[in-house]
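Below are the chains, spelled out letter by letter.
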Amino acid sequence: MNTERLFDDIAPTYDRLNRILSFGRDQAWRRAVAARVARRRPRRLLDLATGTGDQLLACVQAGIDAEGAVGVDVSGAMLEIARKKSAWFALNTTVRWEKGEAAALPFEAGSFDAVTMSFGIRNMPDIGRVLGETHRVLGPGGLAAILELSVPARPVLRRLHGFYCRFIMPAVGGIVSGNLTAYRYLNESVLQFPDPATFCEQMRSAGFADVAAHTLTFGSATMFTGGKGK
Ligand SMILES: C[S@@+](CC[C@H](N)C(=O)[O-])C[C@H]1O[C@@H](n2cnc3c(N)ncnc32)[C@H](O)[C@@H]1O
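Now for a quick tour of the structure. Nothing here was measured: the structure is a model prediction, and the numbers come from that model.

## Here we look at the overall build of the chain
Now for step 1: Across its full length, the chain holds eight helices and seven strands.
Now for step 2: Its C-alpha radius of gyration of 17 Å places the chain within 12% of the 17 Å reference for a compact globule of 230 residues.
Now for step 3: The principal-axis extent of the C-alpha atoms belonging to the chain is close to 45 × 40 × 30 Å.
Now for step 4: Every one of the 230 residues in the chain was classed for burial, and the buried ones make up 53%.
Now for step 5: For the chain, the accessible surface area stands at approximately 10700 Å², while carbon and sulfur atoms represent 55% of it.

Okay, here's the thing in structure tokens:
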């Protein structure tokens, strides 16, 4: 699967489908990440797999008054929408949108105080390497907050969620975006993503300390946080 081409293709309808398919919860989940990051008052902020920029903009709107914020993504079409969207807001932070690969970041070690990544990690072929890069670019005492769709733990919800991911989401995503293959793949990858305990272990293996998983909306999304020791 060529991720860059896939996201270039679905970029025009991406935001609309997020709101529809998550019943509007996606922005609340991003705000939860932003609130968690804001407590640390980061001066330098990086948003990986930034897409159309909603997570970075949620951080800036949460009052994170960073010296600089950078959004990185492999998809030029997604970044183009992020650029246009950020021009609508009077931002109190300098925001840059850069094309780049999360597994090989073009930043020096310790360049950021906080790194966010929302709904991006599950489609990355080498999760360990991306987590390693995330840890590398954080400075001492830095925080990573990673948001991902997940599978509810309760059996009844789990079954309903599986049906929704396998049948409803690809159908609606396919109709609205015109790309059924993309939405089949994106929704199947939710079911394939490691469970929270396994992902927390992967974060620890990448060097993160104080790793925690925060359940959102009955477990249909999870925010993972981890720190870099001082
Ligand atoms: C589901 S979107 C999430 C966008 C955004 N973070 C949000 O909250 O809506 C996933 C994004 O990850 C990007 N992406 C996928 N693989 C990537 C990689 N290896 N490096 C950087 N970005 C990547 C895609 O281009 C896409 O924009």
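Further notes follow.
## A closer look at the sheet that holds strand β3 (residues 94-99)
Now for step 1: With mixed pairing, the seven strands of this open sheet are ordered in space as β3-β2-β1-β4-β5-β7-β6. What marks the edges here is a single partner per strand, and that holds for β3 and β6 (209-216). With strand direction ignored, the average angle separating the axes of adjacent strands in the sheet is 15 degrees.
Now for step 2: Across six bridges, β6 lies against strand β7 (residues 221-227) in antiparallel orientation. Bridge pairing links Ala213 to Phe224 in β7.

## Notes on the pattern of salt bridges
Now for step 1: Enumeration over the complete set of coordinates arrives at 15 salt bridges.
Now for step 2: In this structure, the salt-bridge partner of Glu148 is Arg122, at a minimum N-O distance of 2.8 Å. Of this pair, Glu148 sits in strand β5 (residues 138-149) while Arg122 sits in the loop between β4 (112-118) and α5 (127-137), and the two are 26 residues apart along the sequence.
Now for step 3: Exposure remark for Arg122: the relative accessible area of 12% places this residue in the buried category.

## Topic: the side chain of Thr13
Now for step 1: Along the polypeptide, Thr13 turns up in helix α1 (residues 3-21).
Now for step 2: With a relative accessible area of 10%, Thr13 lands in the buried category.
Now for step 3: Excluding its chain neighbours within four sequence positions, the residues that come into contact with Thr13 are Val176 and Ser177.

## Topic: the site of the ligand
Now for step 1: Taken together, 18 residues surround the ligand, and among them Tyr14, Arg30, Ala49, Asp73 and Ser118 come closest.
Now for step 2: Ala49 is positioned such that a nitrogen or oxygen atom in its backbone is 2.7 Å from a nitrogen atom of the ligand.
Now for step 3: At a separation of 2.9 Å, a nitrogen atom of the ligand approaches a polar backbone atom of Ala102.
Now for step 4: Coverage of the ligand by the protein chains reaches 97% of its 600 Å² of free accessible surface.
Now for step 5: No other element matches α1, which puts four residues into the shell around the ligand.
Now for step 6: Classifying every residue of the shell around the ligand gives eight nonpolar, seven polar and three charged.

## Comments concerning the nonpolar core
Now for step 1: In terms of nonpolar packing, the biggest core is built from 41 residues, with Ile10, Val37, Leu45, Leu147 and Tyr183 touching the most fellow members.
Now for step 2: A total of seven residues in this core trace back to one element, the largest contributor, which is α1.

## Here we look at the state of the cysteines
Now for step 1: Going through the model one piece at a time under the given rule, you end up with zero disulfides.
Now for step 2: With no disulfide of its own, Cys59 lies 20 Å from the sulfur of Cys200, the closest cysteine sulfur.

## Description of unusual backbone geometry
Now for step 1: Residue Asp210 is not a glycine yet carries a positive backbone phi of 50 degrees.
Now for step 2: Of note, Asp210 is situated in strand β6.
Now for step 3: With relative accessibility at 73%, the residue Asp210 sits in the exposed group.
Now for step 4: In this structure, Thr217 takes a positive phi of about 45 degrees despite not being glycine.
Now for step 5: Along the chain, Thr217 turns up in the loop between β6 and β7.
Now for step 6: The exposure class of Thr217 is partly exposed, given its relative accessible area of 31%.

Procedures and definitions
What you see as residue numbers is a count from 1 along each chain, following the sequence as written. Given that this is a predicted model, residues contribute local features only at a pLDDT of at least 70 and side-chain atom pairs are listed and counted only at 80 or more, while totals for whole chains, interfaces and linings are drawn from all residues. Hydrogen atoms and water are omitted, and side-chain values are computed over all heavy atoms in the structure. Numbering of helices and strands runs from the N terminus, with a helix taken as a DSSP run of H or I at least four residues long and a strand as a DSSP run of E at least two residues long. Our radius of gyration looks at C-alpha atoms and nothing else; its globule reference is 2.2 Å times the residue count to the power 0.38. Here the term buried applies to any residue with accessible area under 20% of the maximum for its type, exposed to any over 50%, and partly exposed to those in between, with areas from a 1.4 Å probe on protein chains only. Each accessible area value is a Shrake-Rupley result obtained with a 1.4 Å probe; residue values ignore everything except the protein chains displayed when judging cover. Pairing between strands is defined by DSSP: at least two bridges between the two strands are required. For helices, the fitted axis covers only the stretch in contact; all axes are lines through C-alpha atoms, and the angles between them, taken along N-to-C directions, range from 0 to 180 degrees. Only one rule defines a salt bridge in this text: a Lys or Arg side-chain nitrogen within 4 Å of an Asp or Glu carboxyl oxygen. It only takes one pair of heavy atoms within 4.5 Å for two residues to be counted as in contact. Each residue is tested against the molecule or strand, and it is near if at least one of its non-hydrogen atoms lies within 4 Å. We define a polar contact as two N or O atoms separated by no more than 3.5 Å, with the added condition that, inside protein, one atom must be a possible hydrogen donor and the other a possible acceptor, whereas residues neighbouring each other in sequence contribute only through side-chain atom pairs. Residue polarity follows a fixed list, in which Ala, Val, Leu, Ile, Met, Phe, Trp, Tyr, Cys and Pro are nonpolar, Asp, Glu, Lys and Arg are charged, and the others, Gly among them, are polar. By nonpolar core we mean a set of buried residues, namely Ala, Val, Leu, Ile, Met, Phe, Trp, Tyr and Cys, connected to one another through side-chain atoms within 4.5 Å. For the purposes of this analysis, a disulfide is any pair of cysteine sulfur atoms at a distance within 2.5 Å.

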